[in-house]
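# Descriptive analysis of the structure
Listed below are the residues making up each chain.
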Amino acid sequence: KMNQEQIRKDWDSRGYNFGIFKDPPGQVWANFVHRTDEIVVLADGEIEIEIEGKSQQPQIGDEVFIPAKAVHTVRNIGSTNNVWYYGYKNT
């Protein structure tokens, strides 16, 4: 199980905030663009992250970096709910 508090502290020390998404199977967050860098960590279930047209399927605990202004899509590709943490760089 992911240590949520540890990740929150780590991200805080690196200048990121911390949030949690819980998505049902088939949920798609399509073509998002943010003005700041973002990091994502899968905590439970499955996820596909597409950044500027390149897809990856990180494992639980893998940190994915999404640069500012990059078009990205996040999908729950599993058959169960997933949980993922996200943080935006504080500006």
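Now for a description of the structure that goes with this document. (Residues numbered from 1 in each chain as written. Predicted model: local features only at pLDDT ≥ 70, side-chain atom pairs only at ≥ 80, totals over all residues. Heavy atoms only, no water.)

Turning our eyes to something else, we now look at unusual backbone geometry. For Asn31, which is not a glycine, the phi torsion comes out positive at approximately 55°. Looking at where Asn31 falls in the secondary structure, it is placed in strand E2 (residues 28–32). The phi torsion at Glu52 lies on the positive side, around 50°, for a residue other than glycine. With respect to the helices and strands, the residue Glu52 is situated in the loop between strand E4 (48–51) and strand E5 (54–56). (Helix = DSSP H or I, 4+ residues; strand = E, 2+ residues; numbered from the N terminus.)

Among the nonpolar cores identified, the biggest contains 11 residues, and these are Val40, Leu42, Ile47, Ile49, Ile51, Val64, Ile66, Ala70, Val74, Trp84 and Tyr86. Counting residues per element, the ones that place at least two in this core are strand E3 (38–44), E4, strand E6 (63–66) and strand E8 (82–88). For Val40, the contacting residues outside a window of four places in its chain are Ile49, Asp62, Glu63, Val64, Ile66, Trp84, Tyr85 and Tyr86. Listed in part, the 10 residues of the second largest apolar core include Trp11, Ile39, Val41 and Val83. (Core = buried A, V, L, I, M, F, W, Y, C linked by side-chain atoms within 4.5 Å. Buried < 20%, exposed > 50% of the residue type's maximum accessible area, 1.4 Å probe, protein only. Contact = heavy atoms within 4.5 Å.)

Of note, Ile39 is situated in strand E3. Take Ile39: its relative accessible area is 1%, and that puts it in the buried class. In the structure, Ile39 is positioned 24 residues away from Glu63 in sequence and 6.6 Å away in space, judged by C-alpha atoms. Non-local contacts of Ile39, meaning those with residues more than four positions away in its chain, are made with Trp11, Arg14, Tyr16, Glu63, Val64, Phe65, Tyr85, Tyr86 and Gly87.

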